[in-house]
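Chains, contacts and geometry: an overview
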Amino acid sequence: MTVLIGQLFTGVSIGAVLLLIALGLALTFGQMGVINMAHGEFIMAGAYTTYVLQQVITAAGWSLLVALPVAFVVAGTMGVLLEVLLIRRLYARPLDTLLVTWGVSLILQQLARDVFGSPNVQTRAPELLTGNIALPGGITVANNRLFILALAGGAVVALTLALRLTRLGRRIRAVVQNRDLAAVSGIATARVDRTTFFIGSGLAGIAGVALTLLGPIGPTMGTNLIIDAFLVVVVGGIGQLKGTVIVAFALGVLQASGEYLTTLSVAKVMVFVAIVAFLQWRPQGMFTLRTRSLA
Amino acid sequence: MTTVARDPVTDAAPAPPPATPAAGPSRHRFRAAAGFAFGAALLFAVAPLLLSDFRLSLLAKYLCVAMVAVGIGLAWGRGGMLALGQGVFFGLGGYAMAMHLKLADAGPGNMPDFMMLYGQLDELPLWWRPFASPWFALPATVLLPMAVAFVLGSLVFRRRVRGAYFAILSQALAAAMVILLIGQQGTTGGTNGLTDIQGFFGYDLDDPVNQRMVYFIIAGTLLALLAMTRHLMQSRYGELLVAVRDGEERVRFLGYDPATVKLVAYVVAAGMAGLAGALFVPAVGIISPALIGIVPSIEFVIGVAIGGRATLLGPVLGAVAVAWARTALSERFPGTWTYLQGLLFVVVVAFLPGGLASLVGLVRRRSDPPADGGPRPGPFGRLRRRKVEAAS
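The present account deals with the structure reproduced in this document. (Residues numbered from 1 in each chain as written. Chains lettered and ligands numbered in written order. Predicted model: local features only at pLDDT ≥ 70, side-chain atom pairs only at ≥ 80, totals over all residues. Heavy atoms only, no water.)

1. Some thoughts on the overall build of chain A
- When helices and strands are counted, chain A shows eleven helices and two strands.
- In chain A, the order of α-helices and β-strands from amino to carboxyl end is α-α-α-α-β-β-α-α-α-α-α-α-α.
- Based on the C-alpha atoms only, the size of chain A along its principal axes is roughly 60 × 45 × 35 Å.
- Relative to its 295 residues, chain A shows a buried fraction of 52%.
- Of the contacts formed within chain A by residues at least 6 apart in sequence, a portion of 77% connects residues at least 24 apart.
- Surface summary for chain A: the accessible area is close to 12,700 Å², and the carbon and sulfur share equals 66%.
- Across chain A, the 19 positively charged side chains and the 9 negatively charged ones have centroids separated by 13 Å. (Helix = DSSP H or I, 4+ residues; strand = E, 2+ residues; numbered from the N terminus. Buried < 20%, exposed > 50% of the residue type's maximum accessible area, 1.4 Å probe, protein only. Contact = heavy atoms within 4.5 Å. Areas by Shrake-Rupley, 256 points an atom, 1.4 Å probe, with all protein chains shown as cover. Lys, Arg positive; Asp, Glu negative; His and termini not counted. Charge placed at Lys NZ, Arg CZ, Asp CG, Glu CD.)

See the structure below:
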């Protein structure tokens, strides 16, 4: 029983990381059908922001707290720049956005290598987040994982509320459901796209801050994460966040239990097979947005 | 929506292919044969005469990449399936060949050297054993990738998973395969891969004469694949493939099964990548996860995009040019090359979606008005049409 709950928690915490990364991706992919391969590099930007801030603010707790909003803005700004300079021209060609943003991600990785050096760097975690909490029944839960879980939960709640309650959220949903109709109704879709890209990329920055708690920071850290995050979005379905949330945790638990029963590498293959099998059942993902759009 | 009338399925079937409006079929065929002969002369006579042994073996390596590119051109440029995981098939072919050569190097009854080092295995794993026989290993280099592509492709295309979803899935396959290979270090060589391959069916690979032979085999194979692909592209099937790319639903309504059409192109492309991987092993002497993961898989696509995805020769020339530029530039300026590669990719895909080959088309169209006296397309007519094609 203890083992089972321990594994479950490991899975949930893998899922929380996945969720944090996939959340921004789901937003931009859902809104514009744009596949942003440079999303991984925005994560990296968030992580390096934390690293830089820690050089200035030496108290690890404070630097982490400051890093969260700063990374959001840094990554978000990068996202807006990318959207304005390149992606805007490619809305009709989703596959080409994938390739173009891959080119951008190559450039950003090399930039990171030139600025910070190719070896990985490390940040210090705040005292508060280094320990474990012992729960009754001999289960221990790592504080940093708990923090990431809370961060992911907070991001989901904030995003859901923003989409439900604010004017901007209403506009975003209108554009996702039917872009042409939204434009005809007087919504400045280009501006909505830019804002969405800012938020989506900013969430990648937050994910980057969270990842500094789990491991080293390096120029290629984004590449490995981005594929998993894309799988979450694909399986979750487009246009609704609940699919992303459910699938992120489901894949996390599957990965963790697969790892427990076999090895890490076999577990990865198992996850892939499960995804292909799932798509046989629901090719459009878990939840699909119903629209009357002809596209 | 205005492009509907130009769709090859609905109205253009009896007309000659739009790429060469002035050429009749016989002149067209003559031009192709002349080009083929020129290419063969270049590869078989000029290159071996002019290049040193070292450069020639580099060229052999680039030609292997070009073989993968031909397949990607077929699947992506013609069929609209962005296959981002071709490294998987390249790797399957490469590992199948390398396993056979390792076993042949070790001699009958012995085990490859790395297995004793990492694996501490007492005997050869079961799944290695068939590869001792060349009669199994050689067909496997092509059939194994084709089988994997068939399974994934039929699962995915039948359920109408396409576009970005397919691209991401094929990429995830590459990621999963690399992790699997690294994880099974004892039997696959892990991160190092299968290295230090000495012999090639009884010939010593250190001997420059034999390296030359390997080059000739590779050049010949590439030419054969090009001839085959040209044939395929010009056949009725080729028309159908383009039709599926431009309007899958319409093809379905006409009574064809688009899933089968796509599957054929994807499986053929996988076979080409497998063959390329198999020939890469004797040319370079190594196959490893680093050569087949996500990054190299996308790099295969880069050359195709830059050369021109929808043409026959564009992918070949693009792949060779990019591979050559990488070697030439990354030795001296490693950082600069990465910037250049990224920039080239961004600029070409975003602003010249037909690749460099479309520049040739633009020039030719200006000097060569359509024979039927119809309206001449504007200088960007071709590019604009591509945009619409890619959107569907």
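2. Quick look at a nonpolar patch on the surface
- On the surface, Phe38(B), Leu42(B), Val46(B), Leu49(B) and Leu50(B) cluster together to form a nonpolar patch covering roughly 560 Å² of accessible area.
- For Leu50(B), the location among the structural elements is in helix α1 (residues 25-50). (Patch = residues over 30% accessible without salt bridge, like charges linked within 9 Å, V, L, I, M, F, W, Y side chains within 5 Å. Salt bridge = Lys/Arg side-chain N within 4 Å of Asp/Glu carboxyl O.)

3. So, the interface of chain A and chain B
- The partner chain B presents 44 residues to the 40 residues of chain A that form the contact.
- Summing both partners gives a buried area of about 3,800 Å² for chain A against chain B, and 78% of it is carried by carbon and sulfur.
- The largest share of the area that chain A buries against chain B comes from Arg93(A), Leu99(A) and Phe272(A), three residues that together contribute 17% of it.
- If you look at where chain A meets chain B, you find one salt bridge.
- The salt bridge involving Asp96(A) is made with Arg309(B); its shortest N-O contact spans 3.3 Å.
- One can count eight residue pairs in polar contact (both at pLDDT 80 or more) joining chain A with chain B.
- Going through the elements one at a time, α4 (94-116), α9 (221-236) and α11 (264-281) of chain A are the ones with two or more residues in the side of chain A that touches chain B.
- Top contributing element to the side of chain A that touches chain B by residue count: α4(A), with 13 residues. (Buried area = accessible area lost by both parts, 1.4 Å probe. Polar contact = N/O pair within 3.5 Å; in protein donor to acceptor, adjacent residues only side chain to side chain.)

4. Notes on the packing of helix α8 (residues 208-234) of chain B against helix α9 (residues 236-246) of chain B
All names here are of chain B.
- Contact pair α8 / α9: the axes reach a minimum separation of 4 Å and the direction vectors enclose 70°. Considering the angle they form, α8 stands roughly perpendicular to α9. Contacts between α8 and α9 pair Leu 232, Met 233 and Gln 234 from the former with Arg 236, Tyr 237, Gly 238 and Glu 239 from the latter.
- Here the residues of the contact of α8 with α9 sort into three nonpolar, two polar and two charged. (Axes fitted to C-alpha atoms, helices over the stretch in contact; angles between N-to-C directions. Parallel < 35°, antiparallel > 145°, perpendicular 65-115°, else oblique. Nonpolar A, V, L, I, M, F, W, Y, C, P; charged D, E, K, R; others polar.)

5. Concerning the nonpolar core
- Counting residues in hydrophobic clusters, the biggest one holds 208 residues, and the most contacted among them are Leu99(A), Leu63(B), Leu169(B), Tyr215(B), Ile218(B) and Tyr266(B).
- Excluding residues that lie within four positions of it along the chain, Leu63(B) makes contacts with Leu43(B), Tyr215(B), Ile218(B), Ala219(B), Leu222(B) and Val320(B). (Core = buried A, V, L, I, M, F, W, Y, C linked by side-chain atoms within 4.5 Å.)

6. A short note on the packing of helix α3 (residues 86-106) of chain B against helix α6 (residues 164-183) of chain B
Residue and element names in this part refer to chain B.
- It is at 9 Å that the axes of α3 and α6 come closest, and there the two elements cross at 35°. Where α3 abuts α6, its residues Val 88, Gly 91, Leu 92 and Tyr 95 lie against Leu 173, Ala 174, Met 177 and Leu 181.
- A per-class count over the contact of α3 with α6 returns seven nonpolar, one polar and no charged.

7. Some thoughts on the pairing of strand β1 (residues 132-135) of chain A
All names here are of chain A.
- Sheet topology places β1 next to strand β2 (residues 139-142); four bridges connect them, and they run antiparallel. Considered in β2, the bridge of Ile 133 is made with Val 141.
- Between β1 and β2, which pair antiparallel one after the other, the connecting turn spans three residues, and Gly 137 there sits at a positive phi close to 95°. (Pairing = 2+ DSSP bridges.)

8. What about unusual backbone geometry?
Residues and elements named next belong to chain B.
- Backbone geometry places Asp 196, a non-glycine residue, at a positive phi of 60°.
- One non-glycine residue, Phe 201, lies in positive phi territory at about 50°.
- Among the structural elements, Phe 201 can be located in the loop between β1 (199-200) and β2 (203-204).
- Exposure remark for Phe 201: the relative accessible area of 35% places this residue in the partly exposed category.

9. Let's talk about the packing of aromatic side chains
- Counted by the stated rule, this structure contains 17 aromatic pairs over all chains.
- Connected via pairs of aromatic rings, a cluster forms that spans Phe89(B), Phe157(B), Phe166(B) and Tyr266(B).
- In this arrangement the basic side chain of Arg282(A) is found over the ring face of Trp281(A), its NZ or CZ atom lying 5.8 Å from the centre. (Phe/Tyr/Trp six-rings, centres within 6.5 Å; stacked < 30°, edge-to-face > 60°. Lys NZ or Arg CZ within 6 Å of the ring centre and 35° of its normal.)

10. Quick word on empty space enclosed by the protein
Residue and element names in this part refer to chain A.
- Summed over all chains, the structure comprises two cavities of 30 Å³ or more.
- Along the walls of the second largest cavity sit Thr 50, Gln 54, Ala 60, Ser 63, Leu 64, Thr 123, Arg 124, Ala 125, Thr 212 and Leu 213, which together make up its complete lining.
- Going through the elements one at a time, α2 (39-56) and α3 (60-85) are the ones with two or more residues in the lining of the second largest cavity.
- Looking at the lining of the second largest cavity, the element that brings in the most residues is α3, giving three residues.
- Of the residues in the lining of the second largest cavity, the class split is four nonpolar, five polar and one charged. (1 Å grid on protein atoms, 1.4 Å probe; cavity = no way out; pocket = protein on both sides within 12 Å on 5 of 7 lines; lining within 4 Å. Points joined across faces, edges and corners; volume = space filled by probe spheres on them.)

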